[in-house]
Amino acid sequence: MFDIDKLTRDNIRALEPYSSARNEYSGDAAVLLDANENPYNYPFNRYPDPLQKELRGLIAQQKKIKPSQVFTGNGSDEAIDLVIRAFCEPGQHNIVSLDPSYGMYSVAAHINNVEFRKVSLTPDFKIDMKALVNAVDANTRLIFLCSPNNPTANSFEESDLLSIIEHFKGLVVVDEAYIDFSSQSSLVKYLDKLPNLIIFQTLSKAWAMAGIRLGMAFAQPDIIAVFDKIKYPYNVNYLTQQKAIEGLRRVEEKENWVKLILMQKKELIEKLSKLKVVEKIYPSDANFFLAKVIDPINVYKYLVDSKIIVRNRSSVHLCEGCMRISVGSKEENELLVKALSEYKN
């Protein structure tokens, strides 16, 4: 039986969490004199719900899971930090992840003084299962897997992901920030069967709400309880909660955005593939793709001078010579194509 207590740091397990006024009372009282709040300027004078119950309930309904399996935080970066702080003893445990992948996993690990081990993807951006297994030892507490992966834009085989989760004795985090654009379905459907699985998702991509900073983590209730135990009391502000709820109720609008972006991605890739400056475009399962170009440094500078900003990934492992290009509006995409068609090296 999987026991999260055995993975939780001793000091976290023994921690007596801070109890805020809104933790102790969250009903519809007529007079609230318990939280040292200013009585004027309602509703912004009141502290937000520390557990975001309405928001988490809506997310759980949409994901077809229980509210107790949902954590909401200040972007996915908060959840990345919390999972490391909760389960990795500084200077003792280690984390295994893939290379290249999302850079904040490594940054958060080093901030918490936890060893971070990178396992190179294969040249075609697949998981090297043997190398991953060899990187894991008795002190490995976490494995981070981003699928679809950033910056390579590809999804990993579900069978590989499941094999890793089923055979690893620690926690496996699967970051699904771009899952709405993927041809593969979310692993949320396996949540009840895999007690060591943690899934990250976000409102920043398909839901078009990067500015409100709302990240989500899905896991078994005992893991979510650990996150809630150590998070800051009011980690998601009132405005973010309200805007997230409003946005999540516009499911049809989100789905239309996704369809439009995928259609525009196909058109953009087709046009860029015909240009002399573009050597190769890698398969994409996200709302961005990698394009290998000639003379990447000068191409990037040329685009900046044209006031078109892409991400230069030419110095990243396995992405040599590549630009990471997010799919924009039709007009933005056309400006990119026009600029690159006029590039002269």
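Since we're looking at a predicted model, the values are computed, not measured.

(A) How the structure looks around the pairing of strand E11 (residues 322–326). Counting buried positions along E11 yields four of five residues, so the element is predominantly enclosed. In the sheet, strand E9 (residues 288–293) pairs with E11 via five bridges, with the strands oriented antiparallel. Residue pairing across strands places lysine 292 opposite cysteine 322, the latter belonging to E11. Where strand E10 (residues 311–312) lies against E11, two bridges are found, and the strand directions are antiparallel. Looking at E11, one finds that asparagine 312 is bridged to methionine 323.

(B) Focus on the layout of surface pockets. Quantified by volume, the largest pocket comes out at close to 560 Å³. Arg22, Ser26, Tyr47, Pro48 and Asp49 are, among the 22 residues lining the largest pocket, the residues nearest its centre. At four residues, the largest contribution of residues to the lining of the largest pocket is made by helix H10 (residues 238–248). Split into classes, the residues belonging to the lining of the largest pocket amount to eleven nonpolar, five polar and six charged.

(C) Local environment of the sheet that holds E11. Pairing is antiparallel across the open sheet formed by four strands, whose spatial order is E8-E9-E11-E10. Strand pairing shows two members of the sheet lacking a second neighbour, strand E8 (278–281) and E10, which therefore form its edges. In this fold helix H11 (residues 251–273) packs onto E8, E9 and E11, with an angle of close to 5° to the strand it touches most, E9.

(D) Geometry of the packing of aromatic side chains. If you walk through the whole model with that rule in mind, you get eight aromatic pairs. Ring centres of phenylalanine 44 and tyrosine 238 lie 5.7 Å apart, and the angle between their planes is 80°; this geometry places the pair in the edge-to-face category. Of the two residues, phenylalanine 44 is situated in the loop between helix H3 (21–24) and helix H4 (53–63) and tyrosine 238 in helix H10; the sequence distance between them amounts to 194 residues. Note on phenylalanine 71 and phenylalanine 227: the rings are 5.5 Å apart at their centroids and 70° apart in plane angle, and the pair reads as edge-to-face. With a gap of 156 residues between them, phenylalanine 71 in strand E1 (residues 70–73) and phenylalanine 227 in helix H9 (residues 221–230) connect regions that are remote in the sequence.

Reading the values: rules and limits
Residue indices follow the written sequence of each chain, beginning from 1 at its first position. Residues qualify for local features only when their pLDDT is at least 70, as the model is predicted, and side-chain atom pairs are given and counted only at 80 or more; totals for whole chains, interfaces and linings, by contrast, use all residues. Water and hydrogen atoms were dropped before computing side-chain values, which therefore reflect all heavy atoms in the structure. Burial status follows relative accessibility: with a 1.4 Å probe on protein chains alone, a residue under 20% of its type maximum counts as buried, one over 50% as exposed, and anything between as partly exposed. Labels follow the DSSP assignment, with helices taken as runs of H or I lasting at least four residues and strands as runs of E lasting at least two, numbered in each case from the N terminus. Two strands qualify as a pair provided DSSP detects at least 2 bridges between them. Each cavity reported here is a set of points on a 1 Å grid over the protein atoms alone in which a 1.4 Å probe fits but cannot get out, each pocket an open set with protein on both sides within 12 Å along at least five of seven lines, and each lining residue one with an atom within 4 Å of a point. Grid points are joined across faces, edges and corners, and a volume is the space filled by probe spheres set on the points. Each residue is assigned to one class: nonpolar for Ala, Val, Leu, Ile, Met, Phe, Trp, Tyr, Cys and Pro, charged for Asp, Glu, Lys and Arg, and polar for all the others, Gly among them. Whether two residues are in contact is decided by their heavy atoms: any pair within 4.5 Å suffices. In this analysis an axis means a line fitted to C-alpha atoms, helices contributing only their contacting stretch, and an angle means the value between N-to-C directions, from 0 to 180 degrees. What counts as a ring pair is set by centres within 6.5 Å for rings of Phe, Tyr and Trp (its six-membered ring), and what kind of pair is set by the plane angle: stacked under 30 degrees, edge-to-face over 60, tilted for all other angles.

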